[in-house]
Amino acid sequence: AVAATLADSALDLMVSLAGLTAIAYAAKPADDDHNFGHTSAEDLAALGQSLFILVSAGVIAVAAVLRLLDDTVTMPEREGLGIAVLVFSIFVTSGLVVWQRHVVRSTGNKVVQADSLHYIGDLIPNVGAILALWASAALGIHQVDSVVALAAAAFLAFGAWRIGKAAWDALMDRQADPEMIEGIAAIARDFEGVQGFHDLKTRVAGSKVFVNLHIELDGAQTLDSAHAIGAALRRAIVAAYPQADVLIHKDPVGVQPHPDDPRP
(Lines give C-alpha, C1' and ligand atoms only; values in the text may rest on other atoms or scores of the structure.)
Protein backbone atom coordinates (compact mmCIF):
# COMPACT_ATOMS: atom_id res chain seq x y z
CA ALA A 1 0.00 0.00 0.00
CA VAL A 2 2.85 2.40 0.83
CA ALA A 3 4.60 1.41 -2.41
CA ALA A 4 1.40 2.26 -4.28
CA THR A 5 1.29 5.74 -2.77
CA LEU A 6 5.02 6.17 -3.54
CA ALA A 7 4.56 5.27 -7.20
CA ASP A 8 1.53 7.52 -7.43
CA SER A 9 3.34 10.46 -5.82
CA ALA A 10 6.31 10.05 -8.18
CA LEU A 11 3.96 10.17 -11.16
CA ASP A 12 2.19 13.14 -9.60
CA LEU A 13 5.46 15.06 -9.68
CA MET A 14 6.09 14.22 -13.33
CA VAL A 15 2.54 15.02 -14.40
CA SER A 16 2.44 18.28 -12.44
CA LEU A 17 5.69 19.42 -14.09
CA ALA A 18 4.19 18.58 -17.48
CA GLY A 19 1.06 20.49 -16.49
CA LEU A 20 3.14 23.51 -15.52
CA THR A 21 4.78 23.46 -18.95
CA ALA A 22 1.37 23.19 -20.64
CA ILE A 23 -0.06 26.09 -18.66
CA ALA A 24 2.93 28.26 -19.56
CA TYR A 25 2.44 27.42 -23.25
CA ALA A 26 -1.33 27.92 -23.09
CA ALA A 27 -0.79 31.39 -21.62
CA LYS A 28 0.88 32.58 -24.83
CA PRO A 29 -1.27 35.16 -26.64
CA ALA A 30 -2.87 34.53 -30.01
CA ASP A 31 -0.55 34.85 -33.00
CA ASP A 32 -0.67 34.51 -36.79
CA ASP A 33 -0.67 30.70 -36.63
CA HIS A 34 -3.04 30.35 -33.66
CA ASN A 35 -5.70 33.03 -34.01
CA PHE A 36 -7.71 31.70 -31.08
CA GLY A 37 -4.74 31.35 -28.73
CA HIS A 38 -3.01 28.25 -27.36
CA THR A 39 -5.41 27.19 -24.61
CA SER A 40 -6.04 23.75 -26.16
CA ALA A 41 -2.60 22.81 -24.79
CA GLU A 42 -4.34 22.53 -21.42
CA ASP A 43 -6.67 19.85 -22.79
CA LEU A 44 -3.77 17.93 -24.34
CA ALA A 45 -1.94 18.03 -21.00
CA ALA A 46 -5.04 16.83 -19.15
CA LEU A 47 -5.42 13.96 -21.64
CA GLY A 48 -1.76 13.08 -21.09
CA GLN A 49 -2.36 13.12 -17.34
CA SER A 50 -5.13 10.58 -17.68
CA LEU A 51 -2.89 8.23 -19.66
CA PHE A 52 -0.10 8.45 -17.06
CA ILE A 53 -2.57 7.75 -14.28
CA LEU A 54 -4.03 4.75 -16.12
CA VAL A 55 -0.56 3.27 -16.56
CA SER A 56 0.27 3.73 -12.87
CA ALA A 57 -3.07 2.18 -11.89
CA GLY A 58 -2.35 -0.85 -14.05
CA VAL A 59 1.14 -1.33 -12.60
CA ILE A 60 -0.15 -1.08 -9.03
CA ALA A 61 -3.00 -3.52 -9.70
CA VAL A 62 -0.71 -6.13 -11.30
CA ALA A 63 1.79 -5.84 -8.44
CA ALA A 64 -0.98 -6.23 -5.87
CA VAL A 65 -2.42 -9.32 -7.55
CA LEU A 66 1.02 -10.94 -7.83
CA ARG A 67 1.59 -10.20 -4.16
CA LEU A 68 -1.72 -11.83 -3.21
CA LEU A 69 -0.75 -14.96 -5.15
CA ASP A 70 2.80 -15.18 -3.80
CA ASP A 71 3.12 -16.84 -0.38
CA THR A 72 6.82 -15.99 -0.13
CA VAL A 73 6.42 -12.20 -0.20
CA THR A 74 7.84 -10.41 2.85
CA MET A 75 5.10 -8.80 4.89
CA PRO A 76 5.20 -5.17 6.13
CA GLU A 77 7.44 -4.25 9.05
CA ARG A 78 7.89 -1.07 11.13
CA GLU A 79 4.28 -0.12 10.46
CA GLY A 80 4.48 2.85 12.85
CA LEU A 81 7.04 4.62 10.66
CA GLY A 82 4.91 3.99 7.57
CA ILE A 83 1.84 5.42 9.28
CA ALA A 84 3.77 8.55 10.34
CA VAL A 85 4.95 9.15 6.77
CA LEU A 86 1.43 8.72 5.39
CA VAL A 87 -0.11 11.08 7.97
CA PHE A 88 2.40 13.74 6.94
CA SER A 89 1.59 13.06 3.27
CA ILE A 90 -2.15 13.42 3.90
CA PHE A 91 -1.61 16.74 5.70
CA VAL A 92 0.49 18.19 2.87
CA THR A 93 -1.81 16.87 0.12
CA SER A 94 -4.89 18.29 1.84
CA GLY A 95 -3.31 21.76 1.90
CA LEU A 96 -2.42 21.44 -1.79
CA VAL A 97 -5.96 20.39 -2.73
CA VAL A 98 -7.52 23.33 -0.86
CA TRP A 99 -5.27 25.76 -2.72
CA GLN A 100 -5.88 24.08 -6.08
CA ARG A 101 -9.66 24.25 -5.64
CA HIS A 102 -9.32 27.99 -4.95
CA VAL A 103 -7.29 28.44 -8.16
CA VAL A 104 -9.82 26.41 -10.18
CA ARG A 105 -12.70 28.57 -8.91
CA SER A 106 -10.76 31.72 -9.84
CA THR A 107 -9.42 30.68 -13.26
CA GLY A 108 -11.31 27.60 -14.46
CA ASN A 109 -7.97 26.11 -15.50
CA LYS A 110 -8.52 22.53 -16.70
CA VAL A 111 -4.97 21.34 -15.95
CA VAL A 112 -5.15 22.50 -12.33
CA GLN A 113 -8.63 20.98 -12.06
CA ALA A 114 -7.34 17.63 -13.32
CA ASP A 115 -4.38 17.80 -10.94
CA SER A 116 -6.73 18.60 -8.07
CA LEU A 117 -9.04 15.70 -8.86
CA HIS A 118 -6.06 13.39 -8.92
CA TYR A 119 -4.74 14.60 -5.59
CA ILE A 120 -8.20 14.26 -4.05
CA GLY A 121 -8.13 10.66 -5.25
CA ASP A 122 -4.74 10.26 -3.54
CA LEU A 123 -6.15 11.07 -0.12
CA ILE A 124 -8.40 8.00 -0.01
CA PRO A 125 -5.65 5.46 -0.86
CA ASN A 126 -3.38 7.12 1.71
CA VAL A 127 -6.02 6.68 4.40
CA GLY A 128 -6.48 3.10 3.22
CA ALA A 129 -2.75 2.49 3.45
CA ILE A 130 -2.78 3.64 7.07
CA LEU A 131 -5.60 1.20 7.81
CA ALA A 132 -3.65 -1.55 6.05
CA LEU A 133 -0.52 -0.92 8.12
CA TRP A 134 -2.58 -0.79 11.32
CA ALA A 135 -4.31 -4.08 10.45
CA SER A 136 -0.94 -5.66 9.73
CA ALA A 137 0.58 -4.52 13.02
CA ALA A 138 -2.39 -4.93 15.35
CA LEU A 139 -4.31 -7.83 13.84
CA GLY A 140 -1.74 -9.64 11.74
CA ILE A 141 -3.94 -9.37 8.64
CA HIS A 142 -1.11 -8.87 6.18
CA GLN A 143 -3.07 -9.35 2.95
CA VAL A 144 -5.04 -6.15 3.65
CA ASP A 145 -1.98 -4.38 2.26
CA SER A 146 -2.53 -5.81 -1.24
CA VAL A 147 -6.30 -5.31 -1.10
CA VAL A 148 -5.82 -1.61 -0.32
CA ALA A 149 -3.34 -1.34 -3.19
CA LEU A 150 -6.00 -2.77 -5.52
CA ALA A 151 -8.51 -0.24 -4.22
CA ALA A 152 -5.97 2.54 -4.82
CA ALA A 153 -5.54 1.35 -8.41
CA ALA A 154 -9.32 1.41 -8.91
CA PHE A 155 -9.54 4.99 -7.61
CA LEU A 156 -6.72 6.04 -9.93
CA ALA A 157 -8.35 4.41 -12.95
CA PHE A 158 -11.70 6.07 -12.23
CA GLY A 159 -10.05 9.48 -11.82
CA ALA A 160 -8.12 8.98 -15.06
CA TRP A 161 -11.35 8.19 -16.91
CA ARG A 162 -12.99 11.39 -15.65
CA ILE A 163 -9.99 13.54 -16.54
CA GLY A 164 -9.57 11.94 -19.94
CA LYS A 165 -13.25 12.28 -20.84
CA ALA A 166 -13.30 16.00 -19.95
CA ALA A 167 -10.14 16.63 -21.98
CA TRP A 168 -11.45 14.64 -24.95
CA ASP A 169 -14.76 16.52 -24.90
CA ALA A 170 -12.89 19.83 -25.01
CA LEU A 171 -10.63 18.72 -27.86
CA MET A 172 -13.78 17.70 -29.77
CA ASP A 173 -15.24 21.23 -29.33
CA ARG A 174 -17.95 20.17 -26.92
CA GLN A 175 -20.25 22.99 -25.83
CA ALA A 176 -19.97 24.70 -22.45
CA ASP A 177 -21.85 23.56 -19.35
CA PRO A 178 -25.65 23.95 -19.71
CA GLU A 179 -25.68 26.27 -16.69
CA MET A 180 -23.27 28.67 -18.40
CA ILE A 181 -25.23 28.56 -21.66
CA GLU A 182 -28.48 29.32 -19.83
CA GLY A 183 -26.75 32.11 -17.89
CA ILE A 184 -25.55 33.77 -21.11
CA ALA A 185 -29.01 33.37 -22.62
CA ALA A 186 -30.57 35.04 -19.57
CA ILE A 187 -28.20 38.00 -19.86
CA ALA A 188 -28.99 38.46 -23.56
CA ARG A 189 -32.72 37.92 -23.06
CA ASP A 190 -33.06 40.71 -20.51
CA PHE A 191 -30.49 43.14 -21.95
CA GLU A 192 -31.70 46.63 -22.78
CA GLY A 193 -32.03 47.21 -26.52
CA VAL A 194 -31.86 43.52 -27.43
CA GLN A 195 -35.20 42.40 -28.85
CA GLY A 196 -34.23 38.77 -29.36
CA PHE A 197 -31.30 36.45 -29.98
CA HIS A 198 -30.52 33.20 -31.77
CA ASP A 199 -27.65 30.88 -32.78
CA LEU A 200 -26.04 30.90 -29.33
CA LYS A 201 -23.08 28.56 -29.79
CA THR A 202 -20.21 27.74 -27.44
CA ARG A 203 -17.08 25.61 -27.47
CA VAL A 204 -14.53 24.94 -24.77
CA ALA A 205 -10.76 25.12 -25.30
CA GLY A 206 -8.66 24.74 -22.17
CA SER A 207 -9.79 27.31 -19.63
CA LYS A 208 -11.44 29.48 -22.31
CA VAL A 209 -15.02 29.28 -23.58
CA PHE A 210 -15.63 30.74 -27.02
CA VAL A 211 -19.15 32.19 -27.40
CA ASN A 212 -20.88 33.13 -30.67
CA LEU A 213 -24.22 34.91 -30.44
CA HIS A 214 -26.61 36.62 -32.87
CA ILE A 215 -28.72 39.40 -31.36
CA GLU A 216 -31.75 41.08 -32.93
CA LEU A 217 -31.87 44.89 -32.79
CA ASP A 218 -34.03 47.72 -34.09
CA GLY A 219 -32.96 48.04 -37.72
CA ALA A 220 -33.86 51.74 -37.84
CA GLN A 221 -31.27 52.81 -35.26
CA THR A 222 -27.81 54.05 -36.20
CA LEU A 223 -24.82 51.74 -36.56
CA ASP A 224 -23.21 53.54 -33.61
CA SER A 225 -26.20 52.73 -31.40
CA ALA A 226 -26.27 49.10 -32.50
CA HIS A 227 -22.54 48.77 -31.85
CA ALA A 228 -22.91 50.29 -28.37
CA ILE A 229 -25.59 47.75 -27.45
CA GLY A 230 -23.52 44.83 -28.72
CA ALA A 231 -20.37 46.04 -26.95
CA ALA A 232 -22.25 46.55 -23.69
CA LEU A 233 -23.75 43.07 -23.91
CA ARG A 234 -20.31 41.59 -24.53
CA ARG A 235 -18.96 43.36 -21.44
CA ALA A 236 -21.87 42.04 -19.36
CA ILE A 237 -21.25 38.45 -20.47
CA VAL A 238 -17.49 38.68 -19.81
CA ALA A 239 -18.15 40.23 -16.39
CA ALA A 240 -20.33 37.23 -15.49
CA TYR A 241 -18.01 34.67 -17.13
CA PRO A 242 -14.41 35.98 -17.23
CA GLN A 243 -13.22 32.90 -19.13
CA ALA A 244 -15.54 33.72 -22.06
CA ASP A 245 -14.29 35.01 -25.42
CA VAL A 246 -17.43 36.55 -26.93
CA LEU A 247 -18.25 37.35 -30.56
CA ILE A 248 -21.63 39.02 -31.20
CA HIS A 249 -23.32 39.38 -34.60
CA LYS A 250 -26.09 41.95 -34.96
CA ASP A 251 -29.25 41.33 -37.03
CA PRO A 252 -32.23 43.64 -37.64
CA VAL A 253 -35.42 42.35 -36.07
CA GLY A 254 -37.40 40.20 -38.53
CA VAL A 255 -34.58 39.75 -41.05
CA GLN A 256 -34.96 36.63 -43.21
CA PRO A 257 -32.04 34.46 -44.37
CA HIS A 258 -30.92 35.18 -47.93
CA PRO A 259 -31.98 32.39 -50.34
CA ASP A 260 -28.39 32.08 -51.61
CA ASP A 261 -27.00 31.55 -48.11
CA PRO A 262 -26.04 27.83 -47.91
CA ARG A 263 -26.14 27.81 -44.11
CA PRO A 264 -29.41 27.23 -42.21
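Residues numbered from 1 in each chain as written. Predicted model: local features only at pLDDT ≥ 70, side-chain atom pairs only at ≥ 80, totals over all residues. Heavy atoms only, no water.

A separate point is the pattern of salt bridges. One pass over the full model with this rule turns up three salt bridges. Asp169 serves as the salt-bridge partner of Arg174, at 3.9 Å between the closest nitrogen and oxygen. A salt bridge links Arg189 to Glu182, with the shortest nitrogen-to-oxygen separation between them at 3.7 Å. Since its relative accessible area comes to 45%, Arg189 is described here as partly exposed. A relative accessible area of 44% places Glu182 in the partly exposed class. (Salt bridge = Lys/Arg side-chain N within 4 Å of Asp/Glu carboxyl O. Buried < 20%, exposed > 50% of the residue type's maximum accessible area, 1.4 Å probe, protein only.)

Right, let's talk about a nonpolar patch on the surface for a bit. A contiguous nonpolar patch, built from Val65, Leu68, Leu69 and Val147 and spanning about 350 Å² of accessible area, is present on the exposed surface. For the nonpolar patch, the leading source of residues is helix 2 (residues 40-69), giving three residues. Along the chain, Leu68 falls in helix 2. For Leu68, a relative accessible area of 31% puts it in the partly exposed group. (Patch = residues over 30% accessible without salt bridge, like charges linked within 9 Å, V, L, I, M, F, W, Y side chains within 5 Å. Areas by Shrake-Rupley, 256 points an atom, 1.4 Å probe, with all protein chains shown as cover. Helix = DSSP H or I, 4+ residues; strand = E, 2+ residues; numbered from the N terminus.)

One finds Met180, Val194, Ile215 and Leu233 to be the most contacted residues of the largest nonpolar core, which totals 22 residues. Looking at this core, the elements that each hand over two or more residues are helix 6 (178-189), strand 2 (208-217), helix 7 (223-240) and strand 3 (244-252). Of the residues forming this core, the biggest block, five residues, is contributed by strand 2. Residues contacting Val194, with those up to four places away along its chain left out, are Ala188, Ile215, Glu216, Leu217, Ile229 and Leu233. In this structure, Ile53, Ala64, Ile163 and Ala167 belong to the second largest nonpolar core, which totals 11 residues. (Core = buried A, V, L, I, M, F, W, Y, C linked by side-chain atoms within 4.5 Å. Contact = heavy atoms within 4.5 Å.)

With 18 residues, helix 7 should reach 26 Å at 1.5 Å per residue; the first-to-last C-alpha distance of 26 Å fits that figure. Every buried residue of helix 7 is accounted for by Ala226, Ile229, Gly230, Leu233 and Ile237. Looking down the long axis of helix 7, one finds its buried residues gathered within 95° of arc, a one-sided arrangement. Turned more than 90 degrees away from the buried face of helix 7, the exposed residues are Asp224, His227, Arg235 and Ala239. Those residues of helix 7 that are buried lie in contact with helix 6, strand 2 and strand 3. (Expected span 1.5 Å × (residues − 1). Arc of directions from axis to C-beta.)

Turning our attention to the side chain of His38. Of note, His38 is situated in the loop between helix 1 (2-26) and helix 2. A relative accessible area of 5% places His38 in the buried class. For His38, the contacting residues outside a window of four places in its chain are Tyr25, Ala26, Lys28, Pro29 and Asp31.

So, about the sheet that holds strand 3. Here three strands make up an open sheet; going across it, the order is 1-2-3 and the pairing mixed. Edge positions in the sheet fall to strand 1 (196-205) and strand 3, since each has one partner strand and no second. When the angles between neighbouring strand axes are averaged without regard to direction, this sheet yields 10°. On top of the sheet, helix 6 reaches strand 1, strand 2 and strand 3; it is set at about 145° to strand 1, its chief contact. (Pairing = 2+ DSSP bridges. Axes fitted to C-alpha atoms, helices over the stretch in contact; angles between N-to-C directions.)

What follows is about the environment of Ala160. Inspection of the secondary structure assignment puts Ala160 in helix 5 (residues 144-171). When the C-alpha atoms of Ala160 and Gln49 are compared, they prove to be 7.4 Å apart, with 111 residues separating the residues in sequence. Among residues more than four places away in sequence, those in contact with Ala160 are Ser50, Ile53 and Leu54.

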